[in-house]
Every structure is written in C-alpha cells, then in structure tokens.
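Fold and contact review
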Amino acid sequence: MRGVNADVNADTQRAPRLSGLAVPGGILAAVAGAFAYVGTVDPNQPGHYPVCPLYRITGLYCPGCGGLRSAHAFIHGDFLAALQDNAMAVVGYLGFAVLWTVWVVRAARGRPLRLALGPVHLWTLGTLLLVFTVVRNLPFGGLLHP
C-alpha cells in the first residue's frame, strides 16, 4: 500500500512540472517559426520586408537595422555576416538561448523563473543600445553598418 501512495505522489508532482514547460515550449515554437520564416524568405531580396522607417526618413541606422539580415545569416550558419549585419541582434539571440535554457531547467525542477532586473540593469542595457546606435552611425563605425 505504501508503494501505491509513493507512485501517486510522484505522478502528482510530475504533472505540474510538465505543465510548467508549456509556456517555454510555446515561446520556443513561436521563435522557431519566426526564424524559419526569416530563414526561408531572404531579407536581402527587396520587397519581402518593409524598410526601417527611421532609416527611410533620416538615413540613420536604428539598433534593429539589419536584424532580419542578421537572423537570416545566423540561421544559415554565416556567423560573421550575422555579426556584421547586426552584432547586438546576435548577442540577443545568444542571450535568449541562455535565458530560455535556464527557464526550462527551472520549470522542469518545479521552480519559477525569476528575473530581478533593477534600474541599473535596464539603464545599462539602454546605454549599450544607445552607444551601439550612435557608433554605427558615425564614420568610423562602418563595421557596424548593416
């Protein structure tokens, strides 16, 4: 009788852990679908995607300019081209992969993912994006142009 209760308790504990993987699995499916689309529909060919409005109006590159070309190159294994198209996007892809992996491991163990981003973290991220944007629009920032 004691073995039956242990099996029931183990099954009861496993069910919430598996249901905790539904959201990270859904996020992965959405990201994989988006990457599959960008990998299939080449952003280097005109007419498939809209032009960045900031670039169209001002001729300046925003932090996201080149992100689709970067994702396309990344998917096809051309990591140098991905870095040249948008280095911050590549950092974002890798950061997402690490964060998603931590999320899945914690969910599988029955623990919630807790991101404690304080003002210092957010200001640092904003400053990095601003510096990246400014430098890629300066004459010596040519390596960061998409």
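The following refers to the structure shown. The residue numbers shown here count from 1 along each chain, following its written sequence. Two thresholds apply to this predicted model, a pLDDT of at least 70 for residue-level local features and 80 or more for giving and counting side-chain atom pairs, whereas whole-chain, interface and lining totals are computed over all residues. The side-chain values count all of the structure's non-hydrogen atoms but skip hydrogen atoms and water molecules.

**Some words on helix 2 (residues 22–40)**
- Counted at 1.5 Å a residue, the expected span for helix 2 with its 19 residues is 27 Å, and the 27 Å between its end C-alpha atoms agrees.
- Those residues of helix 2 lying buried are P24, V38 and G39. Taken end-on, helix 2 shows its buried residues confined to a sector of 100°, consistent with a single buried face. Turned more than 90 degrees off the buried face of helix 2, the exposed positions are A22, V23, A29, A30 and T40.
- Two residues qualify as a contact provided that any one of their heavy atoms is within 4.5 Å of a heavy atom in the partner residue. Labels follow the DSSP assignment, with helices taken as runs of H or I lasting at least four residues and strands as runs of E lasting at least two, numbered in each case from the N terminus. Next to the buried residues of helix 2 lie helix 4 (67–75) and helix 6 (87–108). Between the first and last residue of a helix there are one fewer steps than residues, each counted as 1.5 Å, and that sum is the expected span. Buried residues are those whose accessible area, probed at 1.4 Å on protein chains only, stays under 20% of the maximum for their type, while exposed residues exceed 50% and partly exposed ones sit between those limits. Note that the arc is defined by the directions from the helix axis to the C-beta atoms.

**Side note on the packing of aromatic side chains**
- Note on aromatic contacts: the rings of Phe and Tyr and the six-membered ring of Trp form a pair at centre separations within 6.5 Å, being stacked when their planes are under 30 degrees apart, edge-to-face when over 60 apart, and tilted otherwise. For the structure on display, the rule yields five aromatic pairs.
- A ring pair is formed by Y37 and Y49, whose centres lie 6.2 Å apart and whose planes are at 85°; its orientation type is edge-to-face. One end of the pair, Y37, is in helix 2; the other, Y49, is in the loop between helix 2 and helix 3 (53–58), and 12 residues separate them in sequence.
- A relative accessible area of 47% means that Y37 is categorised as partly exposed.
- Arranged with centres 5.2 Å apart and planes meeting at 70°, the rings of F74 and F79 form a pair that is edge-to-face.
- Given the relative accessible area of 46%, F79 is considered partly exposed.
- An aromatic cluster is present here, built from F35, F74, F79 and Y93 joined pairwise through their rings.

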